Amino acid sequence: MLKEFQEFISRGNVMDLAVGVIIGAAFGRIVDSLVNDIIMPIIGAVLGGLDFNNYFLPLSSAVNATSLADAKKQGAVFAYGSFITVALNFIILAFIIFLMVKAVNNLRKRLEREKPAAPAAPPPPDVALLTEIRDLLARK
């Protein structure tokens, strides 16, 4: 069983998956910070300082707080502002990933165009001999 586990772990695709998950988690934190700390404040400033997170509708008469955190302590609320924030974060994140994939694809295309063509392999000896015979016959 230990040997099977070792074979499973040493497969290339398992290691690639592990590396992908680790890099994906780190990249997710970077993009999350970009969206929450840089892009969303700009959007809030452009829209007049709106903070979508504190938009909610109270679902009981006991809720009279002005912030979402306090309102949740008082009772049930319909926090549509949080949903708007998450939806905007998703759209921004998807657009950033699209731009990154597009840039990588363009880079790959450019590298493929710039790559020198591989020299043609010499023909097999029998083909070279037949070509030489053909050329001699053509001269006569």
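Residues numbered from 1 in each chain as written. Predicted model: local features only at pLDDT ≥ 70, side-chain atom pairs only at ≥ 80, totals over all residues. Heavy atoms only, no water.

**Some details on a nonpolar patch on the surface**
Alright, step 1. On the surface, a cluster of nonpolar side chains totalling about 390 Å² of accessible area is made up of Ile38, Ile42, Val46 and Leu47.
Alright, step 2. Looking at the element boundaries, Val46 is found in helix α2 (residues 12-46).
Alright, step 3. Residue Val46 is classed as exposed on the basis of its relative accessible area of 66%. (Patch = residues over 30% accessible without salt bridge, like charges linked within 9 Å, V, L, I, M, F, W, Y side chains within 5 Å. Areas by Shrake-Rupley, 256 points an atom, 1.4 Å probe, with all protein chains shown as cover. Salt bridge = Lys/Arg side-chain N within 4 Å of Asp/Glu carboxyl O. Helix = DSSP H or I, 4+ residues; strand = E, 2+ residues; numbered from the N terminus. Buried < 20%, exposed > 50% of the residue type's maximum accessible area, 1.4 Å probe, protein only.)

**Description of the packing of aromatic side chains**
Alright, step 1. All told, the structure shown has three aromatic pairs when counted by the stated rule.
Alright, step 2. What links up through ring pairs into an aromatic cluster is the set Tyr55, Phe78 and Tyr80. (Phe/Tyr/Trp six-rings, centres within 6.5 Å; stacked < 30°, edge-to-face > 60°.)

**Remarks on the environment of Asn64**
Alright, step 1. For Asn64, the location among the structural elements is in the loop between β1 (57-58) and α3 (68-74).
Alright, step 2. Sequence spacing of Asn64 and Gln74 is 10 residues, and the spatial spacing of their C-alpha atoms is 7.8 Å.

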